[in-house]
Amino acid sequence: MFGFGEKNIGIDLGTANTIVYVEGKGIVLREPSVVAKSTKSGEVIAVGAEARAMIGRTPASIQAVRPMKDGVIADYDTTVAMMKYFIQKALGHSSGKPYVMVCVPTGITAVEKRAVIDATRVAGARDAYVIEEPFAAAIGAGLPVMDPTGSMVVDIGGGTTDVATISLGGIVSSRSVRMAGDKLNESIAQYVRQKYNLLIGERTSEQLKIDIGSASADAAKEIKAVPVRGRDLVTGLPTTVEISGTDVNKAINESVMAIIATIKETLEETSPEIAADVIDHGIVLTGGGALLRNITDVIAEATQVPVSIASDPLDCVAIGTGESLKSINVMKKKQ
């Protein structure tokens, strides 16, 4: 395209997972945003899936960390190490530094944005540019972002939920709330601890959300309970407890309501013309949170607007970030 052909890459740098898109190849990498490092030397021991398998199981000499928190960089050096690993793995043995497009939540500050650009450059990019998450999600979902018609996208990721109305190639109104997949997992672990005196880990609470989580209280009643293993807080011994769909629904209800409130606020500050377009075309959900059972019904009921899930919700942001590489020259001028 401009010197590097297919070597430009788009990165969906998520709190939970990082997805890498290489121009000309599509998505080449999908790994958890986790790094395992030595607590003594700070040396990186493992990155991605291998590091995630170590969470909650490491000896004192190894620490498994997630360097991204709420969609932004919480640990700069570890993020650089992680991105360097992902960029090298995505490009294989090819030489030359790529141009990299990274997506960021809408609500981040100029300082947080600068940290992302700097970290990407240090990790081996020739230059780095950022694109806002809901805009990338809308491109990836195939919405007509360049047309004079309003579209609304809700990207429920790991760290943040980004809501935006888009028209004529730009974001018209947007909101970002630090309430998403991770928060749902925390709420489930907290609820199980309070109700059953059972301590469960991050991975167990996430599995509960996937297996029996539902945004609808009525639908949750129909879901069969599952046995969950953890540590009894009274005896300190391992034990098993039956957790129901209703338990998980009650645990995540507050977070789901917060996401709906954010959608409503964004709709309220939208012009009547775009609001009319949104009613016609509906709200499109992307991100891992879009896979939560009955989430479309609950949002549609609360907003009185039709809601659908994008055809590839987990990859929309990465695909959109990759697609935006085609107009990287425009991004260069903007930044």
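Residues numbered from 1 in each chain as written. Predicted model: local features only at pLDDT ≥ 70, side-chain atom pairs only at ≥ 80, totals over all residues. Heavy atoms only, no water.

Caption draft 1: Representation of the sheet that holds strand β1 (residues 9–13). Judged by pairing direction, the sheet is mixed, and its five strands sit side by side in the order β3-β2-β1-β9-β10 without closing on themselves. Edge positions in the sheet fall to β3 (26–32) and β10 (127–132), since each has one partner strand and no second. Neighbour-to-neighbour, the strand axes of the sheet open up by a mean angle of 20°, direction not taken into account. Where β1 lies against strand β2 (residues 17–22), five bridges are found, and the strand directions are antiparallel. Paired with Ile9 across the strands is Val22, a residue of β2. Running over the sheet, helix α3 (residues 110–122) touches β9 (99–104) and β10 and is turned about 140° from β10. Here helix α4 (residues 133–140) sits on the sheet and contacts β9 and β10; the angle it forms with β10, its principal contact strand, is near 80°. (Pairing = 2+ DSSP bridges. Helix = DSSP H or I, 4+ residues; strand = E, 2+ residues; numbered from the N terminus. Axes fitted to C-alpha atoms, helices over the stretch in contact; angles between N-to-C directions. Contact = heavy atoms within 4.5 Å.)

Caption draft 2: Spatial organisation of the sheet that holds strand β4 (residues 35–38). The sheet built from three strands is open, its strands ordered β5-β4-β6 with antiparallel pairing. The outermost strands of the open sheet, each flanked by one partner alone, are β5 (44–47) and β6 (62–65). In this sheet, adjacent strand axes meet at a mean angle of 20° when their direction is disregarded. Here β4 pairs with β6 via four bridges, running antiparallel. Across the sheet, Ser38 pairs through a bridge with Ile62, a residue of β6. Packed onto the sheet, helix α2 (residues 76–91) meets β4, β5 and β6 and runs at close to 55° relative to β5.

Caption draft 3: Looking closely at the domain arrangement of the chain. Parsing the chain into structural domains produces domain 1 (8–135 + 316–334) and domain 2 (143–179 + 253–309). Contact residues are listed per partner, giving 15 residues for domain 1 and 17 residues for domain 2. For the pair domain 1 and domain 2, the summed buried surface comes to about 1,200 Å²; carbon and sulfur atoms form 62% of the total. Interface area lost by domain 1 to domain 2 is led by Asp70, Pro134 and Phe135, which between them contribute 48%. Taken together, domain 1 and domain 2 are joined by one salt bridge. When the shortest N-O distance is used, the salt bridge between Glu112 and Arg178 registers 3.7 Å. (Domains from an automatic or database assignment. Buried area = accessible area lost by both parts, 1.4 Å probe. Salt bridge = Lys/Arg side-chain N within 4 Å of Asp/Glu carboxyl O.)

Caption draft 4: Region of interest: the packing of aromatic side chains. Counted by the stated rule, this structure contains two aromatic pairs. Relative to Tyr129, the ring of Tyr99 lies with its centre 6.5 Å away and its plane at 25°, an arrangement referred to as stacked. Linking Tyr99 in strand β9 with Tyr129 in strand β10, this pair joins segments that are 30 residues apart in sequence. Considered together, Tyr99 and Tyr129 belong to a single accessibility category, that of buried residues. (Phe/Tyr/Trp six-rings, centres within 6.5 Å; stacked < 30°, edge-to-face > 60°. Buried < 20%, exposed > 50% of the residue type's maximum accessible area, 1.4 Å probe, protein only.)

Caption draft 5: Seen up close, the nonpolar core. Core analysis: the biggest nonpolar cluster contains 40 residues, and Leu208, Ile243, Val256, Ile263, Ile283 and Leu285 have the highest contact counts within it. Of all the secondary structure elements, the ones that give two or more residues to this core are β11 (151–156), α5 (181–196), α6 (202–212), β16 (238–243), α8 (245–268), α9 (272–281), β17 (283–286) and α10 (295–303). Sort the elements by how many residues they give to this core and α8 lands first, with eight residues. Those residues in contact with Ile283 that lie beyond four places of it in its chain are Met152, Val154, Ile263, Val278, Thr303, Val305, Pro306, Val307 and Ser308. In this structure, Ile9, Met68, Met83 and Val100 belong to the second largest nonpolar core, which totals 30 residues. (Core = buried A, V, L, I, M, F, W, Y, C linked by side-chain atoms within 4.5 Å.)

Caption draft 6: Here's a closer look at the pattern of salt bridges. One pass over the full model with this rule turns up 15 salt bridges. A salt bridge links Arg52 to Glu206; its shortest N-O distance comes to 2.6 Å. You can see Arg52 sitting in helix α1 (residues 49–52) and its partner Glu206 sitting in helix α6, a full 154 residues away along the chain. Residue Arg52 is classed as partly exposed on the basis of its relative accessible area of 24%. Here Arg175 ties to Glu265 by a salt bridge, and the two come within 2.9 Å at their closest N and O atoms. One end of the pair, Arg175, is in strand β13 (residues 170–177); the other, Glu265, is in helix α8, with 90 residues separating them in the sequence. Given a relative accessible area of 29%, Arg175 falls into the partly exposed group. For Glu265, a relative accessible area of 35% corresponds to the partly exposed category. Connected via shared salt-bridge partners are Arg66, Asp182 and Glu202.

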